[in-house]
Amino acid sequence: MLNINNLHASVGDKPIIKGLSLDLPDGEVHAIMGPNGSGKSTLSYVLSGRDGYEVTDGTATLDGQDLLAMDAHERAAAGLFLGLQYPVEIPGVSNLNFLRTALNAQREQRGEDAVSAADFLRMARTESAAFDLSMDHMKRGVNVGFSGGEKKRNEMVQMALLQPKLALLDETDSGLDIDALRVVADGINRLRDPKRSFLLITHYQRLLDYVKPDRVHVLQDGAITRSGGPELAHELEREGYVGIAA
Ligand code: ADP
Ligand code: MG
Ligand code: MG
C-alpha cells in the first residue's frame, strides 16, 4: 500500500523530515506517535501534496505509484485521504455540496459515473448519523460554528463518504471527549478493510485503546526511531518520549 523510503522534506529552508522510512501494508492500521514538533503534521502534509513542503530526497509510493509526482487532487483520486489536525472552516460552502463535489471530482478523475443528488443525500444521512452529526451540520458551511469535536467527527464523515484506500488521520483524537472518541473509533473500526490502510498520527495512546494498531512507530526529530506492536504505545505512555529515545 504505502511505501516511504528515506524521505527528506523541508519547509522553507528548514529540514523537518529527515530520512523517514515506513511500510504500511494493505489492510493494516499503523500508528505514528511522537512529541510535539517531531514532524507528524509535516509528514501528512508532504504525503498529501500540500504547497510549501519540499521533498529533498527519498520516495513515497501508493500501490506502486509515485505519490510525490502527483498533484494533491491526483493523490486524492488515487485514494489518499488526509484528516487534518485543525480542520478548516469554509464559510459559504455547505458541507453537503462540498462533500458531493469532492466525491464526484474523485470519481470523474477515476473515470467513474457521478453520484446523483438523491443517492448522495442518502449516503450523507447514513454517515452523518453514524458519526453522530445532525443533518443541520451537513447543511451548514463546512465546519462553520462546529465545536472541535464536531469538526473531527465531520472529518470522519468525509472519510466514510470518500472511501479512501489510505487514510492519514492527524491527531483525529485531540479535542474529543470520551464519548466522541468512541464514536470516531467505532467509525474507523467499521471502515477497516483488507483493502484499506490507516496511518493514525497521534500524540497520546488513548485512541489506540479503541482502535488497535497492527504496528506503532515512534517519530522523533523527523525520523522513525522505534517500531513495535501495540504494546509500544503503552510503553511510551509509561516512559514518555524521552525515556524511549533510540
Ligand atoms: P507535530 O505535528 O509533530 O507537532 P509539525 O510537523 O507540526 O510537528 O512541526 C514540525 C517542526 O516543523 C516544528 O519544529 C515546527 O515548528 C516546524 N514547522 C512546521 N510548519 C512550519 C512552517 N510552515 N514554517 C516553519 N517551520 C514549520
Ligand atoms: Mg503538534
Ligand atoms: Mg501536528
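Going by an unreviewed UniProt entry, the chain carries the name Fe-S cluster assembly ATPase SufC and comes from Pacificimonas pallii.

**A short note on the environment of Ile 16**
Assignment of secondary structure puts Ile 16 in strand S2 (residues 14-24). When the C-alpha atoms of Ile 16 and Gly 222 are compared, they prove to be 5.5 Å apart, with 206 residues separating the residues in sequence. Those residues in contact with Ile 16 that sit more than four places away from it in its chain are Ala 9, Ser 10, Val 11, Gly 39, Thr 42, Asp 221 and Gly 222.

**Things to note about the sheet that holds strand S6 (residues 80-83)**
Hydrogen bonding along the main chain pairs the strands of a sheet, whether they run parallel or antiparallel. Pairing within the open sheet is mixed, and its six strands lie in the order S6-S9-S10-S3-S11-S12. Two strands bound the open sheet, and with one partner strand each, they are S6 and strand S12 (223-228). In this sheet, adjacent strand axes meet at a mean angle of 20° when their direction is disregarded. By the bridge criterion, four bridges tie S6 to strand S9 (residues 166-170) in an arrangement that is parallel. What sits directly across from Leu 82, in S9, is Leu 168. Its contacts with the sheet put helix H1 (residues 40-48) on strand S3 (29-33), S6, S9, strand S10 (197-202) and strand S11 (215-220), and the angle it makes with S6 is roughly 150°. The strands that helix H6 (residues 148-162) touches are S6, S9 and S10; relative to S6, the one it contacts most, it runs at about 170°.

**Digging into the layout of surface pockets**
Here the largest pocket is characterised by a volume of approximately 770 Å³. Ser 48, Ala 72, Ala 76, Leu 82 and Phe 98 are, among the 29 residues lining the largest pocket, the residues nearest its centre. Broken down by element, the lining of the largest pocket gets its largest block of residues, seven residues, from helix H3 (residues 95-109). Considered class by class, the residues forming the lining of the largest pocket number 17 nonpolar, nine polar and three charged.

**Regarding the sheet that holds strand S4 (residues 53-62)**
If you walk across this open sheet you meet the four strands as S2-S1-S4-S5, and the pairing is antiparallel. Only two strands of the sheet have a single partner each, and these edge strands are S2 and strand S5 (65-66). Bridge count for strand S1 (residues 2-11) against S2 is eight bridges, and the pairing is antiparallel. Residue pairing across strands places Ala 9 opposite Ile 17, the latter belonging to S2. On the sheet, H1 packs against S1, S2 and S4 and is oriented at approximately 110° with respect to S1.

**Considering the site of ligand 1**
All residues adjacent to ligand 1 are Val 11, Lys 14, Ile 16, Pro 35, Asn 36, Gly 37, Ser 38, Gly 39, Lys 40, Ser 41 and Thr 42. Contacts to ligand 1 include Lys 14, whose side-chain N or O atom sits 3.3 Å from an oxygen atom. Contact between ligand 1 and Ser 41: an oxygen atom at 2.9 Å from a main-chain N or O atom of the residue. If you tally residues by element for the shell around ligand 1, the top one is H1, at three residues.

**Side note on the coordination of the magnesium ion (ligand 3)**
Only Ser 41 (OG) and Gln 85 (OE1) from the protein coordinate the magnesium ion (ligand 3), and they sit 2.1 to 2.3 Å from it. Separation of the magnesium ion (ligand 3) from the magnesium ion (ligand 2) amounts to 3.2 Å. Of this pair, Ser 41 sits in helix H1 while Gln 85 sits in the loop between S6 and strand S7 (90-94), and the two are 44 residues apart along the sequence. For Ser 41, a relative accessible area of 19% corresponds to the buried category.

**A closer look at the pattern of salt bridges**
All chains considered together, the criterion is met by 11 salt bridges. Between Glu 171 and Lys 40 there is a salt bridge whose closest N-O contact spans 3.9 Å. Of the two residues, Glu 171 is situated in the loop between S9 and helix H7 (178-191) and Lys 40 in helix H1; the sequence distance between them amounts to 131 residues. We note that Glu 171, like Lys 40, is buried. When the shortest N-O distance is used, the salt bridge between Arg 226 and Glu 235 registers 3.3 Å.

Calculation criteria
- Residues numbered from 1 in each chain as written.
- Chains lettered and ligands numbered in written order.
- Predicted model: local features only at pLDDT ≥ 70, side-chain atom pairs only at ≥ 80, totals over all residues.
- Heavy atoms only, no water.
- Helix = DSSP H or I, 4+ residues; strand = E, 2+ residues; numbered from the N terminus.
- Contact = heavy atoms within 4.5 Å.
- Pairing = 2+ DSSP bridges.
- Axes fitted to C-alpha atoms, helices over the stretch in contact; angles between N-to-C directions.
- 1 Å grid on protein atoms, 1.4 Å probe; cavity = no way out; pocket = protein on both sides within 12 Å on 5 of 7 lines; lining within 4 Å.
- Points joined across faces, edges and corners; volume = space filled by probe spheres on them.
- Nonpolar A, V, L, I, M, F, W, Y, C, P; charged D, E, K, R; others polar.
- Near = heavy atom within 4 Å.
- Polar contact = N/O pair within 3.5 Å; in protein donor to acceptor, adjacent residues only side chain to side chain.
- Donors = N, O, S within 2.8 Å, 3.2 Å for Na, K, Ca; no water.
- Buried < 20%, exposed > 50% of the residue type's maximum accessible area, 1.4 Å probe, protein only.
- Salt bridge = Lys/Arg side-chain N within 4 Å of Asp/Glu carboxyl O.

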